[in-house]
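# Architecture at a glance
What follows is the residue order along each chain.
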Amino acid sequence: MMIKSVSFVKSSQKWQDCPAPELPEYAFIGRSNVGKSSLINALMNRKDLAKTSQTPGKTQLINHFLVNDSWYLTDLPGYGYARVSKVQRKDFEKLITNYILNRKNLVNLFVLIDVRHSPQKVDVDFIEWCGENGIPFSIVFTKADKLKPNAALKNIEHYKTELLKKWENLPEIYLTSAEKKEGTENLLQMIAQTNEFLKENKIDFHG
Ligand code: GDP
């Protein structure tokens with residue numbers, strides 16, 4: 001997909017404040033420092049569209065971008081900060097889960113995972129929550145350039161084995177490097193194909 005235009009629409013503190021849900025929406029989420037801002041910038045071919053790592057504990061916002069005047073890219077706050085209080089974490093989880101459960105134009109959630117690490121509980125729990133709630137999601141491994149290809153594939157296999165302990169089917173899995181701009185075209189292609197499918201089947205979100 002060619003990115004012809006992308007513009008920042010707004011930051012919202014809760015799902016009710018997000019732009020009217022009238023266009024297909026693709027959201028990105030992951031632990032802080034997973035490489036989410038870098039990946040969004042690489043996808044959109046921009047340097048500073050998504051701001052890199054916000055300070056933990058600061059107000060967390062949902063950021064909407066309008067792409068090619070036809071779909072929303074949503075930058076969700078990072079989860080799993082180690083240094084916030086329990087109350088802050090609960091509020092914050094609520095912001096994310098409310099958005100995911102209530103946003104009716106959310107077509108796909110891209111869950112970002114740093115490919116260098118073995119499966120982390122906070123990520124596995126989140127993925128399982130998505131599965132249990134019937135959320136359409138894909139897993140996007142980030143920072144592929146930081147490992148040799150075999151090591152990256154081995155880590156992905158490890159993740160799959162972990163998820164298959166509980167699930168029969170695996171979601172779509174992508175391997176990306178924002179640094180080397182690898183795997184980004186696959187993500188854009190998935191979005192383009194899904195948008196095409198929605199259009200052909202006259203699925204819109206009005207009313
Ligand atoms: P965010 O907190 O999830 O938005 O993560 P950032 O995009 O701010 O990235 C966190 C750190 O990882 C930064 O120092 C980035 O430069 C680095 N980073 C992000 N993506 C990549 C990547 O694909 N390859 C490499 N080598 N570093 C990356």
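For the structure, check the block above.
Quick notes on the rules
- Residues numbered from 1 in each chain as written.
- Predicted model: local features only at pLDDT ≥ 70, side-chain atom pairs only at ≥ 80, totals over all residues.
- Heavy atoms only, no water.
- Helix = DSSP H or I, 4+ residues; strand = E, 2+ residues; numbered from the N terminus.
- Rg over C-alpha atoms; globule rule 2.2 N^0.38 Å.
- Buried < 20%, exposed > 50% of the residue type's maximum accessible area, 1.4 Å probe, protein only.
- Contact = heavy atoms within 4.5 Å.
- Pairing = 2+ DSSP bridges.
- Phe/Tyr/Trp six-rings, centres within 6.5 Å; stacked < 30°, edge-to-face > 60°.
- Axes fitted to C-alpha atoms, helices over the stretch in contact; angles between N-to-C directions.
- Salt bridge = Lys/Arg side-chain N within 4 Å of Asp/Glu carboxyl O.
- Expected span 1.5 Å × (residues − 1).
- Arc of directions from axis to C-beta.

## Some details on the overall build of the protein
- Broken down by element type, the protein carries 5 helices and 7 strands.
- Ordered by position in the sequence, the α and β elements of the protein form the string β-β-α-β-β-α-β-α-β-α-β-α.
- Against the globule reference of 17 Å for 207 residues, the protein gives a C-alpha radius of gyration of 16 Å, in line with a compact fold.
- Overall size of the protein, expressed as C-alpha extent along the three principal axes, is 45 × 40 × 35 Å.
- Counting the 207 residues in the protein, one finds 44% classified as buried.
- For the protein, the share of sequence-separated contacts (at least 6 apart) that also reach a separation of at least 24 residues comes to 77%.

## Notes on the pairing of strand S3 (residues 62-67)
- Burial analysis of S3 places 6 of its 6 residues in the buried class, the great majority of the element.
- As judged from the 6 bridges shared by strand S1 (residues 6-12) and S3, these two strands associate in the antiparallel manner. Looking at S3, one finds that Phe-8 is bridged to Phe-65.
- In this sheet, strand S4 (residues 71-75) lies alongside S3 in antiparallel orientation, the contact comprising 5 bridges. Counted as the bridge partner of Asn-63 is Asp-75 from S4.

## Describing the packing of aromatic side chains
- Enumeration according to the criterion identifies 6 aromatic pairs in this entry.
- Residues Tyr-26 and Trp-71 carry aromatic rings whose centres are separated by 5.5 Å and whose planes lie at 85° to one another, so their mutual orientation is edge-to-face. Note that Tyr-26 is positioned in strand S2 (residues 25-30) and Trp-71 in strand S4, a separation of 45 residues in sequence. For the pair Tyr-26 and Trp-71, a shared accessibility class is recorded, and that class is buried.
- Every member of this aromatic cluster is reached through a ring pair, and the members are Phe-28, Phe-110 and Tyr-174.

## Describing the sheet that holds strand S5 (residues 106-114)
- The mixed open sheet is built from 7 strands, whose spatial order is S1-S3-S4-S2-S5-S6-S7. The strands lining the two open edges of the sheet, one partner per strand, are S1 and strand S7 (173-175). Going from strand to strand, the sheet's axes swing by 25° on average, the running direction of each strand aside.
- Sheet contacts for helix H1 (residues 36-44): S1, S2, S3, S4, S5 and strand S6 (137-142); angle to S2, the most-contacted strand, approximately 145°.
- Of the strands in this sheet, S2, S4, S5, S6 and S7 touch helix H5 (residues 184-200), which is tilted by about 165° from S5.

## Remarks on the pattern of salt bridges
- One pass over the structure, following the stated rule, counts 10 salt bridges.
- With a closest N to O distance of 2.8 Å, Arg-103 and Glu-25 form a salt bridge. Taken together, the residues Arg-103 in the loop between helix H2 (86-102) and S5 and Glu-25 in strand S2 connect sequence positions 78 residues apart. As far as the burial class goes, Arg-103 and Glu-25 line up, both buried.

## Considerations on unusual backbone geometry
- Notably, Asn-68 is not glycine yet its phi reads approximately 50°, a positive angle.
- Position of Asn-68 relative to the elements: it lies in the loop between S3 and S4.

## Considerations on H2
- Compared with an ideal rise of 1.5 Å per residue, which puts 17 residues at 24 Å, H2 spans 24 Å between its outermost C-alpha atoms and is within 8% of the ideal.
- Of all the residues in H2, the buried ones are Phe-92, Leu-95, Ile-96, Tyr-99 and Ile-100. Looking straight down H2, one finds that the buried residues subtend no more than 120° of arc, so they occupy a single side. Residues of H2 that are exposed and point over 90 degrees away from its buried face: Lys-86, Val-87, Lys-90, Asp-91 and Lys-94.
- In this fold, the buried residues of H2 make contact with S2, S3, S4, S5 and helix H3 (121-132).

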